[in-house]
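# Close look at the chain arrangement
Okay, here's what each chain looks like letter by letter:
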Amino acid sequence: MRPERYNFREAEPKWQQVWRARHTFKTQESDARQKYYVLEMFPYPSGRIHMGHVRNYAMGDVVARYKRARGFNVLHPMGWDAFGMPAENAAMQSKTHPAKWTYANIDTMRAQLKSMGLSLDWSREFATCDPSYYKHQQALFLDFLGRGLVARKQSRVNWDPVDQTVLANEQVIDGRGWRSGAPVEQRELTQWFFTITKYADDLLAALDTLERWPEKVRLMQANWIGRSEGLLVRFALAEQSKRTDARELDVYTTRPDTLFGAKFMAISPEHPLARELAQHDGALAEFIADCERRGTSEAAIEMGEKRGYDTGLHAVHPFDANWTLPVYVANFVLMEYGTGAIFGCPAHDQRDLDFANKYGLGNIPVVCPPGADPEKFVITDTAYDGPGRMINSRFLDGMTIDEAKQEVARRLEAQTLGNAPQAERKINYRLRDWGISRQRYWGCPIPIVHCDKCGAVPVPKDQLPVRLPDDVSFDRPGNPLDHHATWKHVACPACGGPATRETDTMDTFVDSSWYFARFTDPWNAEAPITKPVANRWLPVDQYIGGIEHAILHLLYSRFFTRGLRDTGYLDLAEPFAGLFTQGMVVHETYRGASGAWLSPAEVDVEADAGGRRAFAKADGSAVEIGAIEKMSKSRRNTVDPDDIIQSFGADTARWFMLSDSPPERDVIWTEEGVQGAARMVQRLWRVVGELKNAASASGGNGADGETGGAARAVRKAAHSALIKVGEDIERLRFNRCVAHIYELTNSLTEALDEIDSAAIPAELRAAFREAADILVQLFAPMMPHLAEECWADLGHGSPVAEAAWPAADRSLVIEDMLSLPVQVNGKKRADLVIERNADQAAIEAATLALDSVQRALAGKAPKKIIVVPQRIVNVVA
RNA sequence: GCGGACGUGGCGGAACAGGUAGACGCAAGGGACUUAAAAUCCCUCGACCUUCAAGUCGUGCGGGUUCGAUUCCCGCCGUCCGCACCA
């Protein structure tokens, strides 16, 4: 018997078991159908899944189930991005080993994901902290090294002198270590880098080929790579001061045209010249140390107050030997960009202007905006960076900016300083090489041994993996690998003499830069990637994840794939053909009288015509409803997916996460929204039952003429929903799919209301039966358990998860008559119902015959009538 | 600071490619059913004006292009994301 209410507690585990037993989602390598690889960014095993995961994986699952129904051989795997700092923090706080903590979290989260009913091929699961994964990553590192894609060089890190550890930028708060509170220092360390800059041009150019990526992500990456064409100019230093042997200062500029507007030179606090001068200048040393306390993040550097230190040195203007410019050390000049030195032109660069105004250096406008009077054009607080003609610039006067750039480049290339040209044209990138060394335990060990005699020696591949030691302690400050009693002491693989292991581990972004390739054959114990298999599955057809990864993870993966290609592992450059970045899950915040945050579970919310009010469940006291913010532990505005799945079922949670908000935007989690989704689950169960009953009712013999309209209307509603849902899944507009399903349900409910159940003609019965199947198949990708229960109830013998997507009959949705909106002077005045193929003259005549049009014209003669076929009529009076 | 996005009823949002603004859902108000409640079903629901019919205004703000602008352009305001050792 068909129960009145759908029981998700029974149905969800039941159908999950059926799919498992039938291997419904296990991808068969031998399957010859066209492949489709859908992948969601794999989770960090932080402890429990959160609503963001539910949203992300619900979206991917809709695509996977839909594509499977469309006849593709779908690959939809899952794994764990399992190395990272939180495991070490947990180790310090709760004395749990990072591995134990991580694998326990994975067990919990795997069970949670399984309760969502995702159509994943779990047989491919791995964690990046498995030695069987990082072994291959170490091999890849060695291959990249052999191919010249790895470099070793100095770079600066945030150093916490108390905790004896390197700090991430997010761990530097107001210049102090987050745990110790000690002022942060900077240290120069020798570190390993992937030379991503070698691919800068290709990574930039190939962005144009990524047609199924969001435009904004491509733009962000292009700006991140930051290609610029400019000039490297060598300035002579004026005095032969005892303080330095340096004779010149090299700057990189994209605005050589403004050279006659120069007022000062500025070098980074990290510039070698600044370091040299500081050795004999205590005040400068203090200034530099002060700059360093802000940490290494670009945001901190650029947002701070612009400050400088006058070195007393002067640089000579390249076009005038008698013109010298003071040389400052300035905190806003980045060592990583260009040469770490600039010439300042205050009139045409806001940062330079702020600096010049602060130190009374003045400015000379050299670009006059179109229409401005060159005699009167002055700059005070706002720099001008727009187009114009050169002024106050001697031989450049009157030229455009581009002409002036060319002229300066030409002259300086021809001019010599010492024995070399004074300038050269240079293409510069903002992109820097990817530093992968981390002074931490819980990461993939870098397979290198340092030998006094042989230098940095690669660990031979047959000795991989270099395993992390298990017996480590987090009681002491510093890197556990470094102070482990025995781990790092090994024989040099080259000479056999005493040597030490590299104790740095890899950035966890390395782990996630090739996992998508490993998923194609995770069973290969010999090699990281099985080339023909990877070539067949890659690129990922649809990749889905958070916008916060728009730059780093995606750029690193693009680089890594090029590296894999150049080391012979696969034959493609771009790993992700389609990318979708989804928004966050946000929730209201609640604060009690004491100002303490309350969790949604601790609050009752009441609503009536007067608005919404909240009360504490504990004592009934008033609670302030605060801003809607990203779910976070600190605001206590989280909702646990487990609780939701327990109380409402996975289908309800999935449906709600896909409803309402466009997937790329944030979605607000509300109790009312979940309730609405839960109501829809029961409503669908009822409607499918009613459709089934109507379809199998004893027949009536109403004439075709009377019933044809009703049957056709039902079929039209079903097929037009079928077309629209298909199109919207293809474009990942799940919120619209949900709306279409509601619309179809509404029209089917109406049609069911109108029938005389004692006498339903055969044609209408068939239409109801067809509509029932279509409706179930439409929501099956989103609410798969409910769909299976309905599908079985409709008498199908095998799961809807294995059924083919129904074919749509487009002829049903074309109408003979259409309704055209009619405007007069752009304002809508009427609707015109007219035959679909009426010609222009007929439409014009019918339009002018309308009462409302005549009224709006008020006796005036129409000047023009615009008819946009199938769309609109506009009468211009 | 730099880079990127977003802004539509009480709320989330829809509107194909410049062509009916508000689909669909939520909340709210009214009603039916019920001893009662839950569940379910029906009606109303941008603002103003109005007996009705109709009308006026309305997509963050100010301009512009167009027969017609939520959509395109310019300038503001506000919110969010990224900034290289969080993942």
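Criteria and thresholds
Residues numbered from 1 in each chain as written. Chains lettered and ligands numbered in written order. Predicted model: local features only at pLDDT ≥ 70, side-chain atom pairs only at ≥ 80, totals over all residues. Heavy atoms only, no water. Phe/Tyr/Trp six-rings, centres within 6.5 Å; stacked < 30°, edge-to-face > 60°. Helix = DSSP H or I, 4+ residues; strand = E, 2+ residues; numbered from the N terminus. Buried < 20%, exposed > 50% of the residue type's maximum accessible area, 1.4 Å probe, protein only. Lys NZ or Arg CZ within 6 Å of the ring centre and 35° of its normal. Polar contact = N/O pair within 3.5 Å; in protein donor to acceptor, adjacent residues only side chain to side chain. Pairing = 2+ DSSP bridges. Contact = heavy atoms within 4.5 Å. Axes fitted to C-alpha atoms, helices over the stretch in contact; angles between N-to-C directions. pLDDT = per-residue confidence, 0-100. Salt bridge = Lys/Arg side-chain N within 4 Å of Asp/Glu carboxyl O. Near = heavy atom within 4 Å. Patch = residues over 30% accessible without salt bridge, like charges linked within 9 Å, V, L, I, M, F, W, Y side chains within 5 Å. Areas by Shrake-Rupley, 256 points an atom, 1.4 Å probe, with all protein chains shown as cover. Lys, Arg positive; Asp, Glu negative; His and termini not counted. Charge placed at Lys NZ, Arg CZ, Asp CG, Glu CD. Core = buried A, V, L, I, M, F, W, Y, C linked by side-chain atoms within 4.5 Å. Parallel < 35°, antiparallel > 145°, perpendicular 65-115°, else oblique. Left-handed = near helix turned anticlockwise from the far one by under 90°. Nonpolar A, V, L, I, M, F, W, Y, C, P; charged D, E, K, R; others polar.

### Digging into the packing of aromatic side chains
Counted by the stated rule, this structure contains 45 aromatic pairs. Residues Tyr328 and Tyr359 carry aromatic rings whose centres are separated by 5.7 Å and whose planes lie at 45 degrees to one another, so their mutual orientation is tilted. Here Tyr328, found in strand S12 (residues 320–330), pairs with Tyr359, found in the loop between helix H11 (350–358) and strand S14 (367–368); they are 31 residues apart in sequence, far enough to count as distant. Classification of Tyr359 by relative accessible area gives partly exposed; the value is 28%. With a centroid separation of 5.4 Å and 65 degrees between ring planes, the pair formed by Phe332 and Phe355 is classed as edge-to-face. Note that Phe332 is positioned in the loop between S12 and strand S13 (341–344) and Phe355 in helix H11, a separation of 23 residues in sequence. Judged by relative accessible area, Phe355 falls into the buried class, the value being 0%. Here the aromatic cluster, defined as three or more aromatic residues joined through ring pairs, consists of Phe141, Phe144, Trp192, Phe194, Tyr199, Trp434, Phe509, Tyr556, Phe559 and Phe560. Looking at Arg2, its charged tip hangs above the ring of Trp685, at a distance of 3.6 Å from the centre.

### Details of the environment of Glu574
For Glu574, the location among the structural elements is in the loop between helix H16 (552–566) and strand S27 (579–582). Spatially, the C-alpha atom of Glu574 lies 30 Å from that of Ser661, the residues being 87 residues apart in sequence. Side chain to side chain, Glu574 and Arg558 meet in a polar contact 2.9 Å long. A distance of 2.6 Å separates polar atoms of two side chains, one belonging to Glu574 and the other to Arg562.

### Examining the sheet that holds strand S7 (residues 185–194)
The strand order across the open sheet built from four strands is S4-S3-S7-S19, with neighbouring strands paired in antiparallel fashion. The open sheet has two edge strands with one neighbour each: strand S4 (165–167) and strand S19 (434–435). Of the strand pairs in this sheet, S7 and S19 are connected by two bridges, and their pairing is antiparallel. Looking at the pairing, Phe194 lines up with Trp434 of S19. Contacts from helix H5 (residues 131–146) reach strand S3 (150–160) and S7, with the element oriented near 85 degrees to S7.

### Considering unusual backbone geometry
In this structure, the amide linkage connecting Leu464 to the following residue, Pro465, adopts the cis form with an omega of 0 degrees. Here Pro465 shows up in the loop between strand S22 (455–458) and strand S23 (489–491). Put simply, Leu538 and Pro539 share a cis peptide bond, and its omega is 0 degrees. With respect to the element layout, Pro539 can be found in the loop between helix H15 (531–537) and strand S26 (542–546). A positive phi angle, near 60 degrees, is found at Lys95, a position not held by glycine. Along the polypeptide, Lys95 turns up in the loop between helix H3 (85–94) and helix H4 (98–115). A relative accessible area of 64% means that Lys95 is categorised as exposed. Positive phi outside glycine occurs at Gln164, with the angle close to 55 degrees. Residue Gln164 is classed as partly exposed on the basis of its relative accessible area of 38%.

### Points about the confidence of the model for chain A
Across chain A, the average pLDDT comes to 90, with 98% of residues at 70 or higher. As scored by the predictor, the complex reaches a pTM of 0.93 and an ipTM of 0.94.

### Observations regarding the side chain of Glu407
Residue placement: Glu407 occurs in helix H12 (residues 401–414). A polar contact of 2.7 Å, which involves the side chain of Glu407, links it to the side chain of Arg410. Among all residues touching Glu407, those that are not within four sequence positions of it are Phe395, Leu396 and Met399.

### Quick word on the pattern of salt bridges
Scanning all chains against the criterion turns up 54 salt bridges. Salt-bridge contacts for Asp202 lead to Arg562; the nearest nitrogen and oxygen are separated by 2.6 Å. Of this pair, Asp202 sits in helix H6 (residues 200–205) while Arg562 sits in helix H16, and the two are 360 residues apart along the sequence. Its salt-bridge partner being Arg255, residue Asp257 comes within 2.9 Å of it at the nearest N-O pair. Across the pair, Arg255 and Asp257 agree in class, each one buried. If you follow the salt bridges from partner to partner, you end up with Arg156, Glu188, Glu270, Arg275 and Glu292 in one network.

### Regarding the protein's contact with RNA strand B
Around RNA strand B, the structure places 67 residues, and the nearest of them are Arg440, Arg736, Glu743, Arg871 and Asn874. Of what RNA strand B places within 4 Å of the protein, 64% of the atoms are sugar or phosphate. One of the side-chain N or O atoms of Arg440 is found 2.4 Å from a base oxygen in RNA strand B. Of the residues forming the surface near RNA strand B, the biggest block, six residues, is contributed by helix H21 (residues 734–754).

### Structural notes on a negative patch on the surface
Taken together, the side chains of Glu690, Glu750, Asp753 and Glu754 present a region of like negative charge at the surface. Residue contributions to the negative patch peak at three residues, all from H21. Take Asp753: it is sitting in helix H21. The exposure class assigned to Asp753 is exposed, which follows from its relative accessible area of 62%.

### A look at the pairing of strand S10 (residues 264–267)
The side chains of a regular strand alternate, first on one face of the sheet and then on the other. Here S10 shows two buried faces, one formed by Phe264 and Ala266 and the other by Met265 and Ile267. Sheet analysis places S10 next to S13, joined by four bridges and oriented antiparallel. In the strand pairing of S13, Phe264 is matched with Gly344. Of the pairings in the sheet, the one linking S10 to S12 comprises three bridges and is parallel in character. Each residue of the ladder has a partner; that of Met265, found in S12, is Val327.

### Quick word on the sheet that holds strand S34 (residues 817–824)
Reading across from one edge, S35-S34-S37-S36 is the order of the four strands in this open sheet, with mixed pairing throughout. The open sheet has two edge strands with one neighbour each: strand S35 (827–835) and strand S36 (864–868). Direction aside, neighbouring strands of the sheet carry axes that sit 20 degrees apart on average. The sheet contact formed by S34 and S35 spans eight bridges and is antiparallel. From the neighbouring strand, Leu820 faces S35, where its bridge partner is Leu832.

### Considering the nonpolar core
Within the largest apolar cluster, 182 residues are counted, with the highest numbers of intra-cluster contacts made by Phe141, Phe194, Tyr515, Phe560, Trp669, Leu775 and Phe779. Discounting residues that sit within four places of it in the chain, Phe560 has contacts with Leu140, Phe144, Phe194, Trp434, Val510, Ser513 and Trp514. In terms of nonpolar packing, the next biggest core, distinct from the first, is built from 49 residues, Tyr309, Val327, Val366 and Cys368 among them.

### Brief notes about the packing of helix H19 (residues 671–696) against helix H23 (residues 784–793)
Two quantities define a packed helix pair, namely the angle between the axes and the distance from one axis to the other. One way to put it is that H19 packs onto H23 with a least axis distance of 10 Å and a crossing angle of 15 degrees. What the angle tells us is that H19 and H23 run roughly parallel. Seen along the crossing, H19 lies across H23 with a hand that is right-handed. Facing Val681, Leu684, Trp685, Val688 and Lys692 of H19, the residues of H23 in contact are Leu786, Glu789, Cys790 and Asp793. When grouped by side-chain class, the residues that make up the contact of H19 with H23 number six nonpolar, no polar and three charged.

### Focus: the environment of Ile301
Relative to the helices and strands, Ile301 is located in helix H10 (residues 298–303). Between the C-alpha atoms of Ile301 and Phe332, which are 31 residues apart in sequence, the distance is 6.0 Å. Residues within four places of Ile301 in sequence aside, it is in contact with Arg294, Gly295, Thr296, Asn331, Phe332 and Leu334.

### Considering the environment of Asp81
Looking at the secondary structure, you find Asp81 in the loop between strand S2 (73–75) and H3. Apart from residues lying up to four places away in sequence, Asp81 is in contact with Phe42, Pro43, Tyr44, Pro45, Thr128, Thr508, Asp511 and Ser512.

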